[in-house]
Number of protein chains: 2
Amino acid sequence: MNAPVLNPKAIDSAGASQVWQGAQRQVHIQEVGPRDGLQIEPVVVPTADKIALVNALSAAGLKKIEVSAFVSPKAIPSLADASEVFQGIDKLPDCTYSALVPNLKGAERALEAGADELNLVMSVTQTHNLANLRMLQEQSFAALAQIVQQVGSSVPINVSLSCSFGCPMEGDVPLAQTLHWAERFIALGVQGISLCDTTGMAHPAQVHEAASSFIKRWPEVECTLHFHNTRGMGLANILAGLDAGVRHFDSALGGLGGCPYAPGASGNISTEEVVHALQLMGYSTGIDLQALLTAAERLPGLIGHELPSQLVKAGPRWKTHPAPANLEEIRQRALAR
Amino acid sequence: MNAPVLNPKAIDSAGASQVWQGAQRQVHIQEVGPRDGLQIEPVVVPTADKIALVNALSAAGLKKIEVSAFVSPKAIPSLADASEVFQGIDKLPDCTYSALVPNLKGAERALEAGADELNLVMSVTQTHNLANLRMLQEQSFAALAQIVQQVGSSVPINVSLSCSFGCPMEGDVPLAQTLHWAERFIALGVQGISLCDTTGMAHPAQVHEAASSFIKRWPEVECTLHFHNTRGMGLANILAGLDAGVRHFDSALGGLGGCPYAPGASGNISTEEVVHALQLMGYSTGIDLQALLTAAERLPGLIGHELPSQLVKAGPRWKTHPAPANLEEIRQRALAR
């Protein structure tokens, strides 16, 4: 009994927003931790642990997982084992295993390793594109367009637009600038666009406006929102996106991730916190929260530090704590007053 | 140009919720850090530092501050200097300085010290009331009713209902149970009720339903929502409350606070994170964010540990970072390809 995927204005007869009550509507939570999270960790996680992590995520019910990136091992040494990870995982038939690729060579390697979907990335600001990808935006676009043209008929292609809601170096980004880059890729025929809040600058008013504009203009393109919780607005941004009709959201187990150009920033919004909140609200995610929590508890052992996820620390809402051992004594003393 | 305080269903002509766009509507952010935050810290903050903290908060534009509690110094030694703090602060005429009081004696001391408003507290669950206040609920109600009857004509009285959205020991709390206790105090003539999410169990669907029910039933009573960010849902809960028509929210500088009955829990939702998000969304809070951040940065020095506030670490959205020093070199190398 899921509502249509695109249902931008879910309003009840009294006129109030229905975003607060999920009513079993389906939301697609997409895991990016193994790629977006692990790529910035100073520790290189062993291949077998990466494989176990991806398997745990698919077993927990995630239907799309960004497994790794086929990039230069000099640029991102921690993901140099992308092929081995892809070839080692237990592929579930209803899960899409995607790979980030920067160029045609990377795309070919990804397809050879068995990636189901390619994720291409560039920034909507020139400064971030240069700093992060060492290319001018037009050079990035040309390299990515080549991938779409050469292999776009064999697997679905998604394009992630970094800094869609602001750039840590340039500051504000006009919505028209973000939509301009979306339009150029959509004209090439890509299946999906992710609007990425790379350093946690998005706020709910902005998200609602951007997502509404996107969906109105390109209702046939799958729109994903990708938030970091840098300034504590991640979940609120997801709800703003949901109210605008978006149904696909990226997140990372434990809140893994960050950005080297935004010092002090926490990571992606945590998968288990999003799933916990949306399930409580009555949305259908198809994900087993307890399995996620079990997998998240293993992360600090892999990367050597605590993660931002508060849910791992506090436990889910329904986990009660024992009353004080002397409660009966307290009650008797109270009654005796 | 503020909208009416109670505006439960702000819907535009197209039928979408307007909660995402603040449109200069006024929101009242009420600081509880000096009381709800400091009371659980193992370190006793010196009186002069507490006074400086309250003064910094009022100077930043907060219009209601819970300054301290007039309770047994044996029960809460860290707030034993409540009278001295009240007498030492620079009172601004448009700021309400409130005090938590547990009984008539405490209320009399608070009024003598110059409190503008009294905040009474009890739990909507028997177990939490016994564990936290050492009294049965009916005993708490009787003690608080005595305060309302004896001094309720001299200052406004607010009642904070702990565990309004769930109890860490009993679990789920039916909305009717929370509203039952609200009703009994409203019948006594109190001016305000705070629905307190003492251990971060509230979720947006629940908040929207509870706040809508409260406002529909008692439109004349000031309803405050008090959230902890234990499971990362604090800001989303505030937006759900706003969409239901609530305009008063508690928060604590730096995200101070917690609950001894919920191990691992983070504190109250952080004042600076709420103000930052709401201002970006176009709400009017009347608060100087930079002044809040400056005050928040001093807190770890007072209490001896870091605080949950992510905004203090990352800085506000508009704080840009320098581009890499070699950006021009990167550009030239890219152009030469």
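Attention here is on the structure that accompanies the text. These numbers were taken from a predicted model, which means no experiment stands behind them.

1. What about the overall build of chain A?
Then, number 1: Across its full length, chain A holds 13 helices and 8 strands.
Then, number 2: Here chain A has a C-alpha radius of gyration of 21 Å; the compact-globule value for 337 residues is 20 Å, and the two agree.
Then, number 3: Projected onto the principal axes, the alpha-carbon positions of chain A cover approximately 80 × 50 × 40 Å.
Then, number 4: Within chain A, the proportion of its 337 residues that are buried is 61%.
Then, number 5: For chain A, long-range pairs separated by at least 24 residues make up 72% of all intrachain contacts whose partners lie at least 6 apart in sequence.
Then, number 6: Counting every atom, chain A has about 12100 Å² of accessible surface; 53% of that belongs to carbon and sulfur.
Then, number 7: Between the centroid of the 23 positive side chains of chain A and the centroid of its 31 negative side chains there is a distance of 4 Å.

2. Considering the interface of chain A and chain B
Many authors give the size of an interface as the accessible area that is lost as the parts come together.
Then, number 1: Between chain A and chain B, the contact holds 71 residues from the first and 71 residues from the second.
Then, number 2: Taken together, both faces of the contact between chain A and chain B bury some 5700 Å²; the carbon and sulfur share is 61%.
Then, number 3: For the chain A face of the interface with chain B, the top three residues by lost area are A:Trp20, A:Arg231 and A:Arg317, together amounting to 15%.
Then, number 4: Applying the counting rule to chain A against chain B returns 2 salt bridges.
Then, number 5: Taken together, the links from chain A to chain B amount to 20 residue pairs in polar contact (both at pLDDT 80 or more).
Then, number 6: Elements represented by at least two residues in the side of chain A that touches chain B include exactly helix H5 (126–133), helix H8 (204–217), helix H9 (234–244), helix H10 (271–280), helix H12 (310–314) and helix H13 (327–335) of chain A.
Then, number 7: Class assignment for the residues of the side of chain A that touches chain B results in 37 nonpolar, 22 polar and 12 charged.

3. Examining the nonpolar core
Then, number 1: Membership of the largest hydrophobic core comes to 222 residues, with the highest contact counts inside it found for A:Leu118, A:Ile193, B:Leu118 and B:Ile193.
Then, number 2: Aside from chain neighbours lying at most four places away, what touches B:Ile193 is B:Asn158, B:Val159, B:Leu161, B:Ala182, B:Phe185, B:Ile186, B:Phe214, B:Val221, B:Glu222, B:Cys223 and B:Thr224.

4. Topic: the pattern of salt bridges
All names here are of chain A.
Then, number 1: In this structure the tally under the stated criterion is 24 salt bridges over all chains.
Then, number 2: Among the salt bridges present, the one from arginine 217 reaches glutamate 183, with a minimum N-O distance of 2.9 Å. Note that arginine 217 is positioned in helix H8 and glutamate 183 in helix H7 (residues 175–188), a separation of 34 residues in sequence.
Then, number 3: Residue classification places arginine 217 among the partly exposed residues on the basis of a relative accessible area of 41%.
Then, number 4: When salt bridges with common partners are traced through the structure, they connect Arg35, Asp36 and Glu66 into a single cluster.

5. A word on the packing of helix H6 (residues 137–151) of chain B against helix H7 (residues 175–188) of chain B
All names here are of chain B.
Then, number 1: Look at H6 against H7: their axes get within 10 Å of each other, and the N-to-C directions meet at 25°. Between H6 and H7, the crossing angle belongs to the class labelled roughly parallel. Like other packed secondary-structure pairs, H6 and H7 cross with a definite hand, here right-handed. Contacts from Gln137, Glu138, Phe141, Leu144, Ala145, Val148 and Gln149 of H6 reach H7 at Trp181, Arg184, Phe185 and Leu188.
Then, number 2: Split into classes, the residues belonging to the contact of H6 with H7 amount to 7 nonpolar, 2 polar and 2 charged.

6. With respect to H10(A)
Residue and element names in this part refer to chain A.
Then, number 1: The buried count for H10 comes to 8 of 10 residues, which makes it a mostly enclosed element.
Then, number 2: For H10, every residue scored as buried is listed here: Thr271, Glu272, Glu273, Val274, Val275, His276, Ala277 and Leu278.
Then, number 3: Looking at the packing, one finds that the buried side of H10 touches strand E1 (28–31), H9, strand E8 (248–251), helix H11 (289–303) and H12.

7. Looking at the packing of helix H4 (residues 104–113) of chain B against H6(B)
Any two packed helices are characterised by the angle at which their axes cross and by the distance between the axes.
Residues and elements named next belong to chain B.
Then, number 1: Contact geometry for H4 and H6: axes closest at 9 Å, N-to-C directions at 40°. Here H4 lies oblique to H6, going by the angle between them. Contacts from Leu104, Ala107 and Leu111 of H4 reach H6 at Gln146, Ile147, Gln150 and Val151.
Then, number 2: Residues belonging to the contact of H4 with H6 are distributed by class as follows: 5 nonpolar, 2 polar and no charged.

8. Looking at the pairing of strand E3 (residues 96–100) of chain B
Residue and element names in this part refer to chain B.
Then, number 1: Summarising burial for E3: 4 of the 5 residues are buried, a large majority.
Then, number 2: With 5 bridges joining them, strand E2 (residues 64–69) and E3 adopt parallel strand pairing. Counterpart to alanine 69 in the pairing with E3 is leucine 100.
Then, number 3: Crossover connection from E2 via helix H3 (residues 82–88) to parallel E3: handedness right-handed.

9. Here we look at the environment of A:Ala210
Residues and elements named next belong to chain A.
Then, number 1: Considering the arrangement of structural elements, one finds alanine 210 in helix H8.
Then, number 2: With a relative accessible area of 5%, alanine 210 lands in the buried category.
Then, number 3: Taking the C-alpha atoms as reference points, alanine 210 and alanine 296, separated by 86 residues in sequence, lie 31 Å from one another.
Then, number 4: Those residues in contact with alanine 210, other than ones at most four positions away along the chain, are Phe165 and Leu175.

10. Observations regarding the packing of aromatic side chains
Then, number 1: The final tally for this structure, using the stated rule, is 11 aromatic pairs over all chains.
Then, number 2: Between B:Phe141 and B:Trp181 the ring centres are 6.2 Å apart and the planes differ by 55°, which places this aromatic pair in the tilted class. With B:Phe141 in helix H6 and B:Trp181 in helix H7, the pair connects residues that are 40 residues apart, well separated along the chain.
Then, number 3: These aromatic residues form a ring-pair network of at least three members: A:Phe141, A:Trp181 and A:Phe185.
Then, number 4: We note A:Arg184 situated over the ring of A:Phe141; from NZ or CZ to the ring centre the distance is 4.1 Å.

Parameters at a glance
Residues numbered from 1 in each chain as written. Chains lettered and ligands numbered in written order. Predicted model: local features only at pLDDT ≥ 70, side-chain atom pairs only at ≥ 80, totals over all residues. Heavy atoms only, no water. Helix = DSSP H or I, 4+ residues; strand = E, 2+ residues; numbered from the N terminus. Rg over C-alpha atoms; globule rule 2.2 N^0.38 Å. Buried < 20%, exposed > 50% of the residue type's maximum accessible area, 1.4 Å probe, protein only. Contact = heavy atoms within 4.5 Å. Areas by Shrake-Rupley, 256 points an atom, 1.4 Å probe, with all protein chains shown as cover. Lys, Arg positive; Asp, Glu negative; His and termini not counted. Charge placed at Lys NZ, Arg CZ, Asp CG, Glu CD. Buried area = accessible area lost by both parts, 1.4 Å probe. Salt bridge = Lys/Arg side-chain N within 4 Å of Asp/Glu carboxyl O. Polar contact = N/O pair within 3.5 Å; in protein donor to acceptor, adjacent residues only side chain to side chain. Nonpolar A, V, L, I, M, F, W, Y, C, P; charged D, E, K, R; others polar. Core = buried A, V, L, I, M, F, W, Y, C linked by side-chain atoms within 4.5 Å. Axes fitted to C-alpha atoms, helices over the stretch in contact; angles between N-to-C directions. Parallel < 35°, antiparallel > 145°, perpendicular 65-115°, else oblique. Left-handed = near helix turned anticlockwise from the far one by under 90°. Pairing = 2+ DSSP bridges. Right-handed = clockwise from strand over helix to strand, strands pointing away. Phe/Tyr/Trp six-rings, centres within 6.5 Å; stacked < 30°, edge-to-face > 60°. Lys NZ or Arg CZ within 6 Å of the ring centre and 35° of its normal.

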